[in-house]
Every structure is written in structure tokens, then in C-alpha cells.
2 protein chains.
Amino acid sequence: MIRRVGFIGTGIMGLPMAGHLLKAGFAVQAYNRTRSRAEPLADQGATLVDSPAAAARDADAVITIVSDTPDVQSVFLGADGVCETLARGAVAVDMSTISPVVTQEIAKAVEQRGAAFLDAPVSGGKVGAEKGTLSIMCGGPAEAFERVRPLFEAMGKNIVHCGPNGYGQLTKLCNQIMCGLNLLGVCEAFLLAEKAGLDLSKVLQATTAGAAGSWALANLGEKMRVRDFAPAFMVDLQQKDLRLVLEQASGNRLTLPGTALVSQLFHANQAAGEGREGTQALLKVLERMSQIAL
Amino acid sequence: MIRRVGFIGTGIMGLPMAGHLLKAGFAVQAYNRTRSRAEPLADQGATLVDSPAAAARDADAVITIVSDTPDVQSVFLGADGVCETLARGAVAVDMSTISPVVTQEIAKAVEQRGAAFLDAPVSGGKVGAEKGTLSIMCGGPAEAFERVRPLFEAMGKNIVHCGPNGYGQLTKLCNQIMCGLNLLGVCEAFLLAEKAGLDLSKVLQATTAGAAGSWALANLGEKMRVRDFAPAFMVDLQQKDLRLVLEQASGNRLTLPGTALVSQLFHANQAAGEGREGTQALLKVLERMSQIAL
């Protein structure tokens, strides 16, 4: 039975996710590298602590959601890391999107402490985190998955156990491939529509409900139309995810020409200083190439 | 008030569409180049005729849904064509997907006869045509659009007037760009999943409802999973549509790298003799490149 939860990483995603755990009645001890960003949680009843090790101490479950592979390695295996204090029988759940290979290494280190490890990356962005409607794709022992299900249900809606450790991350990589290419489709469609002088709201109305429909069209299309490039999910983070996809492809000699193209085009966002804008800023890369100024 | 409808082109799409008009109580006079393919309509009460001109004679509205730009030109402007008999005050509606530029030429020829022309291509494929749930994107005079609205409502669900003649076709091109790239996203995600040994039904379950979701994933993903490559929408026809997109892009100096990539990959389907399979056969091109044999 899970009561006390260590929560590590209170950024755009982690902050509202931890908030949902508090609302669901769990005792949360939260750690964030920049402590000030965790403070809203203290107002909601969380205890703020000073290290990953302190977050894991006496916790029934530990959740991590940080940026990239080295961050997760350091949180688990570094000095003052989770593995220094994690209790026998506890469950550690990494909800970051990181390397499936490193995931399996961390799982082994956690198992050596007599605890269980789950990789459970999420999809749905800031809005999904705030509404508690994230998709959660989980890899690891089924028994541990069932034990932390109440935590997942507080934060997400579509919760799937995908297989052993690493399979959550691999499923997330599949997810990110589709996010990237769906987005490129919306951008290229908008480009043609803009150049032809179509009314973009009519284009959205005519295409969103049909065979061209996608979450990207329904959600990011409207943002592009009103030229709102604020981040719900940042270019820099999508690039990190696509880098993981392309590493996986490279290691397995998979040809993913579309994903490679999307990643290359996002480089142009990053070169233009747009890495911290939302992924819908990809539209601007294509507009610049075709000399469309809006 | 529309009572008598000439219907030209009773293929995969046209046959069920004309059937819906009959069910809605319209008198249908149908023409198809290969007459035998129109015969199921005769059983449902349609009159079969021997030329486009005969289909248009005394009709309040004429609907055409044929394969490509030259087919529409020939049906309207050729010998025994619609423009030989179309009545003053009638409405001609082309529901094929063809060149927006040629569309405007045909519109002029129809207007010179004192009739109105609408371009109203559809999206939703065979299933949408059969269920009467097509998306219909229409360009042309608003008055004519309102007059034939009862016909559209018998065949479709999401019916949008997009602007003057050509704007229906341009909107359809936007639609096809997204269909193509959404499909490529599903294929590349499947490729990674297959190589990694993921359970594809779990991948579908974990990703379809979230930020990676698309019509393509929800509909074609399941077909790919069970390796059903039967056509709901054929590679050859999607290639024709992408050719129209790339012609439009070329004429306007638009850079559409993703769409160009999808079109190039579909060439590999066509080279392998898979042009008459469903567009989901794109998966096989990627599998062959990565030497994945299933």
C-alpha cells in the first residue's frame, strides 16, 4: 500500500503531476534542483527536501521526472542519489523520457537494493499533466505496476503496461515519432494554405474531424493559426526525444527517413533561437524556407 | 430545389455515395465508363445512361467523382460531355480530387452555359463513403453551395464551404499532405516497435488516445498490425493527390520536404507492384529498407 511518495523533478510536467498526488491524499516529499520551483507544492502540503536521497528516504514509492538520460542517472546513482536510501520493497518509477538501454541499467541497480523499478514515460504535455489526463506507458514487473497503479490513476487516464523494463521508453519513442511527423504534416498543410490564401479556420474545420485528423492538428493547428508559439512542449525537449529515437534506430540499423527529417528541421528552430518555444514553432522554419512572412 | 441528379463515376467512392442519394429520395441518372460497375445502382432505383451528356440532361444537379484531372476535363468538356447538355440554372459538382487550376477553367466553361460549378472533394475513403460520413470541402458560389446542401448532407457529415472555386481542391490538398505524413509517422513508429519486439496492440493502446493520436493511427494502425493491406484508399490514388500537392508547391515555390519524402517512398510501393494496395502498404517499403521480414 503506497502512502509516502518521494517526487523528484517539479518542472512544467512534474509540478502539476505531484499536485495531483497531493490532491489524491498521498504524502509527498519533493525535491527539485532549483528549490524555488518546488515551492508551490509546499503550499499544497508537500514536504520539500534537499536531495534525491532525502526524497527516497522512508518512501513507499519514488517518482522521477527530469529532463534527460544523464539527469536520471545522477538522480539514481549519483552522490545523495535515490539508490543511497531507497527502502527494500519500495517501487521507483522514472517518468522521464530517456534511453531504453540506460533504463535497464538503472533498473538493475534498483533491483540490487531489493526494490522494483518501472519506466513510465508520459504523453500529453503540460495540458495533460495539469488535467491529470496523461497517457502513461509503463515497462517493468507487472506486480510493481499494479502496486503503483493508484499513483498513475491520480496523474493519468490511459495507463498501459507495455512489457518488461525499457518497453515503456520504447513505446514512448514510437509515440514521439508520430508526434513529430503529425506535426510536420500540419505545418506543410498550413504552408500550402497560407500561400494559397485559404482561411485557416475553414481549413481546420474541414480537415480536423476526417482522415487527416490528429491530436497535433486539433491542438497545435489552432495555436499556429493564432500564431501562439508559447511552449506546451518545447522544441529542445522534442529534439532530445528524437535524438533518443535516432540513436535507437542507428543501433538497430532502422531507416527512419521522416523522423530524421523532422529532427533536422527542428535544428533550424534551435539555430534561430527558438529551442524553448513550443514544437508548433516548426511552422516558422518552413515559412522562412519558402519566404512566407506573416 | 434539387430532384434529379446526374451521377458520373461509380467507383469505390461514387457507388456508395450515389446509393445514399437514392436512399434520400433523389432521382439518380448514373453513368460509369465501365457500365457493369454502375449496375448495383440500377437495383436501387437509378437509371443507367450511356454518356456524361445523358447524365446531365434535365438534371438539377450533376455530380462527378472520377480519378484524375484529365478524366474530369473529358467528362465536362469532351464529346458527349456534361457541358453539351447541362441546363441553365443547374449546379455541377465535381467531387474528384484534381488540379485547382484546371478546376477554375472548368468552372468558367460551366458558368458560360448559365450553370454553377462547385469543387467539392471529399475525405474519409471507402468507409466514409459507405457510412455517409465523408468530410466535404467545397469551393464555389455560396448560393450554389446552399442549393446542393441536401445532396452533401446525404453523403457526408462535416460539410464546409471553404471559399471560391478551387478552394475546395486546395483544402483537399492540405488534407492529403497531413494524411501522408500521419501515415509515415505510424509506419516509422511500427518499424521501431517491430524491431524492438514490442506488442503492437499495446503500442496502439498506449498511443492512439494521446498526443501521437491520428485518424491514420486509429484506422490504418490496426490494419498494419494484422497485416491487412487491402485498399480503403489506394497507393496509386494517394500518389496522384501528392503529385497535385507537389505541382502546387512547385508553382508557388513552396518547400514541402515531408510531402516530397512520402511521395518518393510511395514510388517504392509502386515499383514493387503495390500501387493498388491500401496506403498502409507504405509500412512494407520501410520494412524492406531495414530488412525486417514479417
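Everything quoted here is computed from the prediction, not taken from an experiment.

## Quick look at the overall build of chain A
Counting its secondary structure elements, chain A contains 13 helices and nine strands. For 294 residues, the compact-globule formula gives about 19 Å, and the C-alpha radius of gyration of chain A, at 20 Å, lands near that figure. Considered along the principal axes of its C-alpha atoms, chain A spans approximately 65 × 45 × 35 Å. Considering only contacts within chain A whose residues lie at least 6 apart along the sequence, 68% involve residues at least 24 apart. Carbon and sulfur atoms form 49% of the exposed surface of chain A, whose accessible area is close to 10800 Å².

## Structural notes on the relation of the copies chain A and chain B
Take chain A, turn it by 180 degrees, move it 0.0 Å along the axis, and it overlays chain B with an RMSD of 0.0 Å. Taken together, the rotation and translation describe the operation of a two-fold axis. No C-alpha of chain A approaches the rotation axis more nearly than that of Ser214 of chain A, which lies at 1.9 Å. Comparing contact sets, 100% of the residues at the interface of chain A also lie at the interface in chain B, consistent with an isologous, same-surface contact.

## Observations concerning the pattern of salt bridges
Scanning the model with the defined rule gives 30 salt bridges over all chains in all. The closest approach of N and O atoms between Arg227 of chain A and Glu194 of chain A, which form a salt bridge, is 3.8 Å. Of the two residues, Arg227 of chain A is situated in the loop between helix 10 (215–225) and helix 11 (235–251) and Glu194 of chain A in helix 8 (residues 167–196); the sequence distance between them amounts to 33 residues. Assessed through its relative accessible area of 29%, Arg227 of chain A is described here as partly exposed. With a closest N to O distance of 3.2 Å, Glu247 of chain B and Arg243 of chain B form a salt bridge. With Glu247 of chain B and Arg243 of chain B both in helix 11 (residues 235–251) and four residues apart, this pair spans about one turn of that helix. Take Glu247 of chain B: its relative accessible area is 45%, and that puts it in the partly exposed class. Residue class for Arg243 of chain B comes out partly exposed when judged on its relative accessible area of 35%. Here the salt bridges share partners, and the residues they tie into one network are Glu274, Glu277, Lys284 and Arg288 of chain A.

## Things to note about the domain arrangement of chain A
All names here are of chain A. Once the domains are mapped, chain A shows domain 1 (4–164) and domain 2 (171–289). Put simply, the middle of domain 1 and the middle of domain 2, counted by C-alpha atoms, are 28 Å apart. Taken together, the two surfaces of domain 1 and domain 2 that pack against each other cover about 1100 Å², and 62% of this comes from carbon and sulfur. The largest contributions to the domain 1 side of the interface with domain 2 come from Asp68, Thr97 and Met137, which together make up 36% of the buried area.

## Some thoughts on unusual backbone geometry
Residue and element names in this part refer to chain B. Although it is not a glycine, Asp58 adopts a positive phi angle of roughly 60 degrees. Structurally, the position occupied by Asp58 is in the loop between helix 3 (52–56) and strand 4 (61–64). Here Asp58 falls in the exposed class, since its relative accessible area comes to 59%. Positioned with a positive phi, Gln291 is a non-glycine residue whose angle comes to about 55 degrees. Mapped onto the secondary structure, Gln291 falls in the segment after helix 13 (282–289).

## What about the nonpolar core?
Ranked by internal contacts, the top residues of the largest apolar core, which has 94 residues, are Leu184 and Leu192 of chain A together with Leu184 and Leu192 of chain B. Those residues in contact with Leu192 of chain B that lie beyond four places of it in its chain are Leu170, Leu173, Cys174, Ile177, Val245, Gln248, Leu254 and Leu256 of chain A.

## A short note on the interface of chain A and chain B
On the side of chain B, 60 residues touch chain A, which itself brings 60 residues to the contact. For the pair chain A and chain B, the summed buried surface comes to about 5100 Å²; carbon and sulfur atoms form 69% of the total. At the boundary of chain A with chain B, the tally comes to zero salt bridges. Of all the secondary structure elements, the ones that give two or more residues to the side of chain A that touches chain B are strand 8 (134–139), strand 9 (156–163), helix 8, helix 9 (200–207), helix 10, helix 11, helix 12 (257–271) and helix 13 (282–289) of chain A. With 21 residues, the top contributor of residues to the side of chain A that touches chain B is helix 8 of chain A.

## Things to note about helix 8 of chain A
Residues and elements named next belong to chain A. Compared with the 44 Å implied by 1.5 Å per residue over 30 residues, the 44 Å span of helix 8 between its first and last C-alpha is a close match. Where burial is concerned, most of helix 8 is hidden: 28 out of the 30 residues are buried. Residue Gly197 follows helix 8 closely and has a positive phi angle near 80 degrees.

## Describing helix 9 of chain A
Residues of helix 9 of chain A that are buried: Leu200, Val203, Leu204, Ala206 and Thr207 of chain A. In the core, the buried residues of helix 9 of chain A are packed alongside helix 8 and helix 10 of chain A together with strand 8 (134–139), strand 9 (156–163) and helix 8 (167–196) of chain B.

Criteria and cut-off values
Residues numbered from 1 in each chain as written. Chains lettered and ligands numbered in written order. Predicted model: local features only at pLDDT ≥ 70, side-chain atom pairs only at ≥ 80, totals over all residues. Heavy atoms only, no water. Helix = DSSP H or I, 4+ residues; strand = E, 2+ residues; numbered from the N terminus. Rg over C-alpha atoms; globule rule 2.2 N^0.38 Å. Contact = heavy atoms within 4.5 Å. Areas by Shrake-Rupley, 256 points an atom, 1.4 Å probe, with all protein chains shown as cover. Least-squares fit on C-alpha atoms with pLDDT ≥ 70 in both. Salt bridge = Lys/Arg side-chain N within 4 Å of Asp/Glu carboxyl O. Buried < 20%, exposed > 50% of the residue type's maximum accessible area, 1.4 Å probe, protein only. Domains from an automatic or database assignment. Buried area = accessible area lost by both parts, 1.4 Å probe. Core = buried A, V, L, I, M, F, W, Y, C linked by side-chain atoms within 4.5 Å. Expected span 1.5 Å × (residues − 1).

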